[in-house]
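Letter by letter, the chains look like this.
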Amino acid sequence: MNMMNVVPLQVTGAATLAVVLLALWAGSGGGIRGTIRTAVLRLDRIATGIAATLACLALAIAVAAGLWQVFARFATNTPSIWSEALVRTALIWMAYLGVALALRSGALVSIDVAQRLTSGAVRRSVEAAALACSLSLMGVMFWFGWTMAQRVQFQEMAGLEVSMTWGYAAIPVGAVFAMIGAVAHFLDRRDTELEYAA
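Just so you know, these numbers come straight off a predicted model, no measurement behind them.

Let us now look at the overall build of the protein chain. Looking only at helices and strands, the protein chain has eight helices and zero strands in total. Going from the N terminus to the C terminus, the protein chain shows its helices and strands as α-α-α-α-α-α-α-α. In terms of overall dimensions, the protein chain has a C-alpha envelope of 65 × 45 × 30 Å along the principal axes. Scored against the burial criterion, the 198 residues of the protein chain give a buried share of 35%. For the protein chain, the accessible surface area stands at approximately 11,400 Å², while carbon and sulfur atoms represent 70% of it. Mean positive and mean negative side-chain charge positions of the protein chain (13 and 10 charges, respectively) differ by 7 Å.

Below, the structure is given as structure tokens:
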């Protein structure tokens, strides 16, 4: 394996382990633990609000550009050259920002059976393993998404004539929001999907 590809995985693994241990430590108790937990949850409220707003904005842009594409193609018989690329880019941003919301609500990596069958330390271990998996995946997405965004900075999107970096930047940006959401979910679980599951 190429050394260039091993280092990001090693850094991601070490950072994941550190964050999971910190989250386990800050997960209960008062004093400095409570202060850290409160700070992370406050950061999460801000980050999740920003991610939700941007994801909704991206969806609105995709819908508006899609409607314009249909109107231009069929009403004026002159298809727009920029709208398809804008729809695609906006949907990519919406999806990657939406991952943060899904992780925060516990809807993306939900371990329903394990939640129902375990309790106490075993349940917390399962939750810590799920957090580690989520953080590892998001860390890899951040690292390689950042690399790709830098690699394509001199290429332009067809139709939009802006750098391809704007499209690829959704990967690392979404990964950062998702990591915050995953840690916040671990510290303050919201398992509403379990209540509605059959």
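Moving on from the model shown.
Turning to its location among the elements, serine 83 is positioned in helix H3 (residues 83–105). Here serine 83 falls in the buried class, since its relative accessible area comes to 0%. A polar atom in the side chain of serine 83 sits 2.3 Å from the side chain of glutamine 69. Beyond its immediate chain neighbours, meaning those up to four positions away, serine 83 contacts Ala65, Trp68 and Gln69.

Quick look at H3 now. Because the α-helix completes a turn every 3.6 residues, residues three or four places apart line up on one side. With 23 residues, H3 extends 32 Å from end C-alpha to end C-alpha; this agrees with the ideal 33 Å at 1.5 Å per step. Here H3 has its buried residues at Ser83, Ala85, Val87, Thr89, Ala90, Trp93, Leu97, Val99, Ala100, Leu103 and Arg104. Tucked inside the fold, the buried residues of H3 contact helix H2 (32–74), helix H5 (120–151), helix H6 (165–168) and helix H7 (170–187). In the segment just after H3, glycine 106 is the residue with positive phi, at about 80°.

Positive phi, close to 60°, is recorded for asparagine 77, a residue that is not glycine. Residue placement: asparagine 77 occurs in the loop between H2 and H3. Residue asparagine 77 is classed as exposed on the basis of its relative accessible area of 64%.

Parameters at a glance
Residues numbered from 1 in each chain as written. Predicted model: local features only at pLDDT ≥ 70, side-chain atom pairs only at ≥ 80, totals over all residues. Heavy atoms only, no water. Helix = DSSP H or I, 4+ residues; strand = E, 2+ residues; numbered from the N terminus. Buried < 20%, exposed > 50% of the residue type's maximum accessible area, 1.4 Å probe, protein only. Areas by Shrake-Rupley, 256 points an atom, 1.4 Å probe, with all protein chains shown as cover. Lys, Arg positive; Asp, Glu negative; His and termini not counted. Charge placed at Lys NZ, Arg CZ, Asp CG, Glu CD. Polar contact = N/O pair within 3.5 Å; in protein donor to acceptor, adjacent residues only side chain to side chain. Contact = heavy atoms within 4.5 Å. Expected span 1.5 Å × (residues − 1).

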